[in-house]
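The lines below spell out each chain.
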Amino acid sequence: MCCGEVTRRPDSTPAARVRHAVLVAERVRIREIDDDEGRRLLRIIRRGTGSVVTWRRAQTVLLSAQGMPVATIAEVTFTSADRVRDVIHNFNADGFDSLYPKYKGGRPKTFTLPERREIEKIAKSKPAEHGLPFSTWSLAKLADFLVAEGVVDDISHEGLRVLLREEGVSFQRIKTWKTSRDPDYAAKKARVEHLYAIADGEVMPEEGEPEVVFCLDEFGPLILQPHPGRQWTERGGKHKDPDREPRPRRRATYTRPHGVRHLFAAYDLGKNQLYGHIKPRKHRTRFLEFCRYLRGLHPPEVRIAIVLDNFSPHLTTKKDSRVGDWAAANNVEFAYTPTNSSWLNRIEAQFTALRYFALDGTDHASHKEQGSMIRRYIIWRNKHAADERLREVVDRANVA
């Protein structure tokens, strides 16, 4: 360094920092656009009709594509530099969709998205988790708590009810739930969910993994008894016709000497088909007979997986290894749900539909008649798998 030369440090005054921040902010530019996008922007600008908002946004994007800085664009379009940057960022992220305004009628929402998420989170929690001596929230208690905690400034009971309904939260009865204590719960659940992902087409099966996935379980016992249900009949009341027939009644069954039956059923997730065999007993031999039937539905080289619960006939034991031996010899994988977690088995929702469509409101005189009804329902169900009411019942019952 020569004598007399003075080293100048960068100006670090507040005014200099502001100027530097402005220069950095003004470097915002539109991404590279091709010829087709440029011509589309020109068509929007030259068109005499359409939204003024779209025209201004397209003009901003085109000027930025031509190399004009943000400050100059703001002067040309008579708007603020922050607005110009917003238009450029939105176009870089969403393309031409960002040019068209998304108008929505009605009053704007009172609460922001983070506030709505926090309200939903607190509503689905227990008051005891927040140190309150209540077992459940009422609208009044929940509204008071939200205001006291500063989540919202003010909220009415009706406004809170409408907000929760919009977020899909409703006041429901609590049902009992048996928690699984299976030490391998996480691994079993993950395997079942992975098989479902394969069946749903979300994951491609790797080499050696199953290509076909069945859900198997037994439905029953099937007993010859009147099943509660509903049907169309004459109305009662003081204006009823005195000459009409009496309302249908169900018989009382004090003794049931006809024994029971069991339905072995399997649901093919890929084909959306239900299969079932009615047997007088459910033991390991009958279970393997039904598994052989499922194996025969596909070529031997196609590996299949069967999701099922931990019912003793489904398991391989030290005294009886037939299940494991048969699976190893026939290119089959048995995927067991965790203990007390049969809700993971998707066939449970199919059983709900079977009960709804084929058994509710019936009183069969023989197992032959009842079995015929179930078999004919399975045939109908496989032919009408896309039936709207069927899908509604299954979707409502399905939790896996």
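In the block above lies the structure referred to throughout.
Residues numbered from 1 in each chain as written. Predicted model: local features only at pLDDT ≥ 70, side-chain atom pairs only at ≥ 80, totals over all residues. Heavy atoms only, no water.

Looking now at the pairing of strand β3 (residues 273-279). As paired strands, strand β2 (residues 261-268) and β3 are joined by seven bridges and run antiparallel to one another. Across the sheet, the residue bridging to Y267 is L274, located in β3. Counting the residues between successive antiparallel strands, the hairpin from β2 to β3 contains four residues, one of them, N272, with a positive phi of roughly 55 degrees. (Pairing = 2+ DSSP bridges. Helix = DSSP H or I, 4+ residues; strand = E, 2+ residues; numbered from the N terminus.)

Between helix α10 (residues 284-295) and helix α11 (residues 322-329), the least distance of the axes is 11 Å, while the angle of their chain directions is 10 degrees. The orientation of α10 relative to α11 falls into the category roughly parallel. Counted together, R284, T285, F287, L288, C291, R292 and R295 of α10 and R322, V323 and W326 of α11 form the full contact between these two elements. The class makeup of the residues in the contact of α10 with α11 is five nonpolar, one polar and four charged. (Axes fitted to C-alpha atoms, helices over the stretch in contact; angles between N-to-C directions. Parallel < 35°, antiparallel > 145°, perpendicular 65-115°, else oblique. Contact = heavy atoms within 4.5 Å. Nonpolar A, V, L, I, M, F, W, Y, C, P; charged D, E, K, R; others polar.)

The full count for this structure, using the stated rule, is 14 aromatic pairs. When the centroid spacing of 4.9 Å and the interplanar angle of 85 degrees are considered together, the rings of Y356 and F357 count as edge-to-face. Taking relative accessible area as the criterion, Y356 reaches 36% and is therefore assigned partly exposed. A ring pair is formed by F357 and Y377, whose centres lie 6.2 Å apart and whose planes are at 15 degrees; its orientation type is stacked. You can see F357 sitting in helix α12 (residues 347-359) and its partner Y377 sitting in helix α13 (residues 367-383), a full 20 residues away along the chain. The structure contains a cluster of three or more aromatic residues connected by ring pairs, namely F214, F264, Y275, F290 and Y293. Over the ring of F134 we find K141; its NZ or CZ atom is 4.9 Å from the centre of that ring. Of note, K282 hangs over the ring of F311, and the distance from its end group to the ring centre comes to 5.0 Å. (Phe/Tyr/Trp six-rings, centres within 6.5 Å; stacked < 30°, edge-to-face > 60°. Buried < 20%, exposed > 50% of the residue type's maximum accessible area, 1.4 Å probe, protein only. Lys NZ or Arg CZ within 6 Å of the ring centre and 35° of its normal.)

A cluster of like negative charges, contributed by E234, D241, D243 and E245, occupies part of the molecular surface. Positionally, E234 belongs in the loop between β1 (212-222) and β2. (Patch = residues over 30% accessible without salt bridge, like charges linked within 9 Å, V, L, I, M, F, W, Y side chains within 5 Å. Areas by Shrake-Rupley, 256 points an atom, 1.4 Å probe, with all protein chains shown as cover. Salt bridge = Lys/Arg side-chain N within 4 Å of Asp/Glu carboxyl O. Lys, Arg positive; Asp, Glu negative; His and termini not counted. Charge placed at Lys NZ, Arg CZ, Asp CG, Glu CD.)

Now for the pairing of β1. Counting buried positions over the eleven residues of β1 gives nine, a clear majority of the element. The pairing of β1 with strand β4 (residues 304-308) spans four bridges and is parallel. Note that in β4 the partner of V213 across the bridge is A305. As judged from the seven bridges shared by β1 and β2, these two strands associate in the antiparallel manner. Each residue of the ladder has a partner; that of F219, found in β2, is L263.

Attention shifts here to the pattern of salt bridges. Here the structure, examined in full by the defined rule, presents 19 salt bridges. Between R117 and E167 there is a salt bridge, with the nearest N and O atoms lying 2.8 Å from each other. Residue R117 is found in helix α6 (residues 113-123), and its partner E167 is found in the loop between α8 (157-166) and α9 (185-199); the two are separated by 50 residues along the sequence. E209 is paired through a salt bridge with R191; the nearest N and O atoms lie 3.4 Å apart. Taken together, the positions of E209 in the loop between α9 and β1 and R191 in helix α9 put the pair 18 residues apart, joining distant regions of the chain. By relative accessible area, E209 is classed as buried at 16%. You can call R191 partly exposed: its relative accessible area is 25%. When salt bridges with common partners are traced through the structure, they connect R116, R117, E166 and E167 into a single cluster.

Bringing the side chain of T54 into the picture now. Counting through the fold element by element, T54 comes out in helix α3 (residues 52-65). Not counting chain neighbours up to four residues away, the residues in contact with T54 comprise I44, L99, Y100 and P101.

For the α-helix, the turn length of 3.6 residues means that residues three or four positions removed from each other point alike. Along α8, the residues classified as buried are L160, L163 and L164. One side of α8 holds all its buried residues, which, seen down the axis, span an arc of 95 degrees. Residues of α8 that are exposed and angled more than 90 degrees away from the buried face: R165 and E166. G168 lies just past α8 and shows a positive phi near 80 degrees. (Arc of directions from axis to C-beta.)

The sheet built from five strands is open, its strands ordered β3-β2-β1-β4-β5 with mixed pairing. A strand with exactly one partner marks an edge of an open sheet, and here the two such strands are β3 and β5 (332-336). Put simply, the sheet's adjacent strands are angled 25 degrees from each other on average, direction ignored. Running over the sheet, α13 touches β1, β2 and β3 and is turned about 170 degrees from β3.

This brings us to the side chain of E218. Tracing the chain through its elements places E218 in strand β1. With no salt bridge to any partner, buried E218 finds its closest opposite charge in K282, at an N-O distance of 5.2 Å. A polar contact of 2.7 Å, which involves the side chain of E218, links it to the side chain of H314. Each residue touching E218, except ones within four places of it in the same chain, is listed here: L263, F264, K282, F287, F311, H314 and F351. (Polar contact = N/O pair within 3.5 Å; in protein donor to acceptor, adjacent residues only side chain to side chain.)

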